Number of protein chains: 2
Amino acid sequence: MLPNYPGVSPLVTRRLPRYYRHLTELMKSGTERISSREFADMIGFTASQIRQDLNCFGGFGQQGYGYNVATLRAEIGRILSVDKSHPAIILGAGHLGVALANNMGFEQCGFRLAGIFDVNPAIVDQTIKGCVVRHTSELSAFCAEFHPQVCVLCTPPAVVPELVKNLVSYGVKSFWNFSQCDISTFYPNEIVVEDVQLSDSLMNLSFHLNEKLGGH
Amino acid sequence: MLPNYPGVSPLVTRRLPRYYRHLTELMKSGTERISSREFADMIGFTASQIRQDLNCFGGFGQQGYGYNVATLRAEIGRILSVDKSHPAIILGAGHLGVALANNMGFEQCGFRLAGIFDVNPAIVDQTIKGCVVRHTSELSAFCAEFHPQVCVLCTPPAVVPELVKNLVSYGVKSFWNFSQCDISTFYPNEIVVEDVQLSDSLMNLSFHLNEKLGGH
């Protein structure tokens, strides 16, 4: 299958969720339309950057009117495919896995939570967000029956390579990766990986804090 | 105070932690030197991109030799200031806050965990990773005494604007923000913000998964 937006830079598409999130807030507050300047101030980008980004998908504003909030939100939501409901599983039901199960609006982001897996007998059979935690040994049978499209990896890094190999063979197409193991190089043409490398993020904060404080 | 690396793009500095993480793994495995090609394959970047990135800081490789792992790791660690030990506090001791307290190597990223705060009486006074959870009402006195430089925001978004206002007045200089509230526009010249917008990340995965699957 061909991608819908083959020429658009990942730097642009990565900004779309931020637009979508703010447009959702605007809708909740009853705002019907917003000027590109006001929208830019709200988001913290320039109006020109927003126009350039949206022009990659055809542009959605009108000169002198600005943006219709509901229309723009619907368009960006469609581009992001948040109206889909791809089944997702969480591997690893420690504090992080439980936090994601409880607090992430998977349904608002194009997914639905279909299963949670762990190897710890103290956790298996507990119910989290309406899902009974299954033992990881049941993964193969579960995938054969429910065809999860995305796996949220919240396991220790050491077990990740074997797990990913198995999951790819079970048909899992994408990974939301919290494991601190770089899996993007394993199957570069077969799977989609979104990394949340928390230690990288914290080191980035360290860099910028020290730049602000000045001097080493 | 002046920044040390004023002209370097944030896109470049954001890649440094990834280099640092892989160099740490190489050191652990006893590797003393690595060619730029091998290093590129390991990281998933091109050798040319790595050279360009490192040249922003003076470059650290030698033609025909590659990189000395320990030296390059030390240099990048120094640039990232991971040898610092800035006191950090976590606000919000739900599953996410506890996961970060337990699993993040703050000490390896330039910080040390100095305090955890929550408003829930069932959590206050518990001990997490050697820190007694304090009530959020003690923040002002704590900051006056211990001068935390960074606050990890794991609270619901609704309470964030008031909290950040107070923390800035208490001298907190930087925020690791998991709250889904965009605080970067609040005090753009006063504070450093590193956002971990998990719903943005999940929507980004949704976009790329659907691009891979093809068709809307």
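Bear in mind the structure is a predicted one, so any value in this text is a computation, not a measurement. Every chain is numbered independently, its residues counted from 1 as its sequence is written. Working convention: letters from A go to chains and numbers from 1 go to ligands, in the order in which they are written. It should be noted that, the model being predicted, local features are given only for residues of pLDDT at least 70 and side-chain atom pairs only at 80 or more, the latter also being counted only at that level, while totals for whole chains, interfaces and linings use all residues. The side-chain values count all of the structure's non-hydrogen atoms but skip hydrogen atoms and water molecules.

Caption draft 1: Layout of the overall build of chain A. In terms of helices and strands, chain A carries nine helices and nine strands. By its C-alpha atoms, chain A is 60 × 50 × 35 Å across when sized along the principal axes. By sequence separation, contacts in chain A at least 24 residues apart represent 56% of the contacts at least 6 residues apart. Where accessible areas are quoted, they stem from the Shrake-Rupley method and a 1.4 Å probe; at the residue level, only the protein chains shown are allowed to cover. Carbon and sulfur atoms provide 51% of the accessible area of chain A, an area that totals close to 9,700 Å². Counting rule applied: Lys, Arg positive; Asp, Glu negative; His and chain ends not counted. Charge positions come from single atoms, namely NZ of Lys, CZ of Arg, CG of Asp or CD of Glu. One way to put it: in chain A the 17 positive side-chain charges average out to a point 7 Å from where the 19 negative ones average out. Think of it this way: any DSSP run of H or I at least four residues long counts as a helix, any run of E at least two long counts as a strand, and we number them from the N terminus. Note on definitions: a residue-residue contact is assigned when non-hydrogen atoms from the two residues lie within 4.5 Å.

Caption draft 2: A look at the pattern of salt bridges. Only one rule defines a salt bridge in this text: a Lys or Arg side-chain nitrogen within 4 Å of an Asp or Glu carboxyl oxygen. Across all of its chains, the model carries twelve salt bridges over all chains by this definition. The partner of Arg21(A) in a salt bridge is Asp200(B), and the shortest N-O contact between them spans 2.7 Å. Taken together, the positions of Arg21(A) in helix 2 (residues 16-28) and Asp200(B) in helix 9 (residues 198-213) put the pair across two chains. There is no split in this pair, since Arg21(A) and Asp200(B) are both buried. The residue Arg78(A) makes a salt bridge to Glu75(A) at a minimum N-O spacing of 3.0 Å. Placement of both Arg78(A) and Glu75(A) in helix 5 (residues 69-80) is noted, with a separation of three residues, approximately one turn of the helix. Any residue under 20% of the maximum accessible area for its type is buried, any over 50% is exposed, and the rest in between are partly exposed; the area is computed with a 1.4 Å probe on protein chains only. On the basis of relative accessibility, which here comes to 37%, the residue Arg78(A) falls in the partly exposed class. Residues joined by salt bridges that share partners form a network here, namely Arg18(A), Arg21(A), Asp182(B) and Asp200(B).

Caption draft 3: Summary view of the interface of chain B and chain A. Each partner contributes to the interface: chain B provides 74 residues, whereas chain A provides 74 residues. Here the quantity called buried area is the accessible surface, traced with a 1.4 Å probe, that two parts lose on coming together, added over both. At the boundary of chain B with chain A, total buried surface from both sides reaches about 6,700 Å², with 62% on carbon and sulfur atoms. The shortest N-O distance in the salt bridge between Arg21(A) and Asp182(B) comes to 3.3 Å. Under this definition, polar contacts are N or O atom pairs within 3.5 Å; protein pairs additionally need one hydrogen-donor-capable and one acceptor-capable atom, and for neighbouring residues in sequence, both atoms have to be side-chain atoms. Connecting chain B to chain A are 29 residue pairs in polar contact (both at pLDDT 80 or more). Of all elements in the fold, only helix 1 (10-13), helix 2 (16-28), helix 3 (36-43), helix 5 (69-80), helix 6 (95-103), strand 8 (174-177), strand 9 (192-195) and helix 9 of chain B reach the threshold of two or more residues within the side of chain B that touches chain A. Looking at the side of chain B that touches chain A, the element that brings in the most residues is helix 9 of chain B, giving 16 residues.

Caption draft 4: Fine view of the sheet that holds strand 8 (residues 174-177) of chain A. Paired strands, in this sense, are two strands between which DSSP finds at least two bridges. Judged by pairing direction, the sheet is mixed, and its seven strands sit side by side in the order 5-6-4-3-7-8-9 (chain A) without closing on themselves. If you trace the sheet from one side to the other, it starts and ends with strand 5 (127-128) and strand 9 (192-195) of chain A, each paired once.

Caption draft 5: Expanded view of the side chain of Ser206(B). Inspection of the secondary structure assignment puts Ser206(B) in helix 9. Under the relative-accessibility criterion, Ser206(B) is labelled buried at 0%. A distance of 3.3 Å separates the side chain of Ser206(B) from the backbone oxygen of Ser81(A), its partner in a polar contact.

Caption draft 6: Quick peek at the relation of the copies chain B and chain A. Overlaid copies result from least-squares superposition on C-alpha atoms, with residues included only where pLDDT is at least 70 in both. For these two chains of identical sequence, chain B goes onto chain A by a turn of 180° and a shift of 0.0 Å along the axis, with RMSD 0.0 Å. Taken together, these values place the two copies in the relation of a two-fold axis. For chain B, the residue whose C-alpha comes nearest the rotation axis is His95(B), separated from it by 2.5 Å. Comparing interface residues between copies, 100% of those in chain B also sit at the interface in chain A, which points to an isologous, same-surface contact.

Caption draft 7: Seen up close, the side chain of Gln197(B). Of note, Gln197(B) is situated in the loop between strand 9 and helix 9. Sequence-distant contacts of Gln197(B), defined by excluding residues within four places in its chain, comprise Arg21(A), Gln180(B), Cys181(B) and Asp182(B).

Caption draft 8: Focus on the pairing of strand 9 of chain A. All names here are of chain A. By the alternation rule, side chains of strand 9 split into Val 192 and Glu 194, which are all buried, and Val 193 and Asp 195, of which none is buried. Of the strand pairs in this sheet, strand 8 and strand 9 are connected by four bridges, and their pairing is parallel. Within strand 9, the residue paired with Trp 176 across the bridge is Glu 194.

Caption draft 9: Here's a closer look at the environment of Phe111(B). Within the secondary structure, Phe111(B) is located in strand 4 (residues 111-118). Taking the C-alpha atoms as reference, Phe111(B) lies 4.3 Å from Ser85(B); in sequence the two are 26 residues apart. Those residues in contact with Phe111(B), other than ones at most four positions away along the chain, are Leu202(A), Leu205(A), Ser206(A), Leu209(A), Lys84(B), Ser85(B), His86(B), Ala88(B), Phe106(B) and Val150(B).

Caption draft 10: Representation of the sheet that holds strand 5 (residues 127-128) of chain B within the structure. The strand order 5-6-4-3-7-8-9 (chain B) describes an open sheet built from seven strands, whose pairing is mixed. Looking at the sheet topology across the chains shown, the edges are occupied by strand 5 and strand 9 of chain B.

Caption draft 11: Layout of the packing of aromatic side chains. When the centres of two rings from Phe, Tyr and Trp lie within 6.5 Å, Trp using its six-membered ring, the rings pair. Their planes under 30 degrees apart give stacked, over 60 give edge-to-face, and anything left gives tilted. Counted according to the given criterion, the structure contains 20 aromatic pairs over all chains. Ring geometry for Phe207(A) and Tyr5(B): centres 6.0 Å apart, planes at 25°, overall stacked. Of the two residues, Phe207(A) sits in helix 9 (residues 198-213) while Tyr5(B) sits in the segment before helix 1, which places them in two different chains. Residues Phe207(A) and Tyr5(B) agree in their burial class; the two are buried. Ring plane angle 40° and centroid distance 6.0 Å describe the contact between Tyr19(B) and Phe39(B), whose orientation is recorded as tilted. Taken together, the positions of Tyr19(B) in helix 2 and Phe39(B) in helix 3 put the pair 20 residues apart, joining distant regions of the chain. Three or more aromatic residues link up through ring pairs in this structure, and these residues are Tyr19(A), Phe39(A), Phe45(A) and Tyr67(A).

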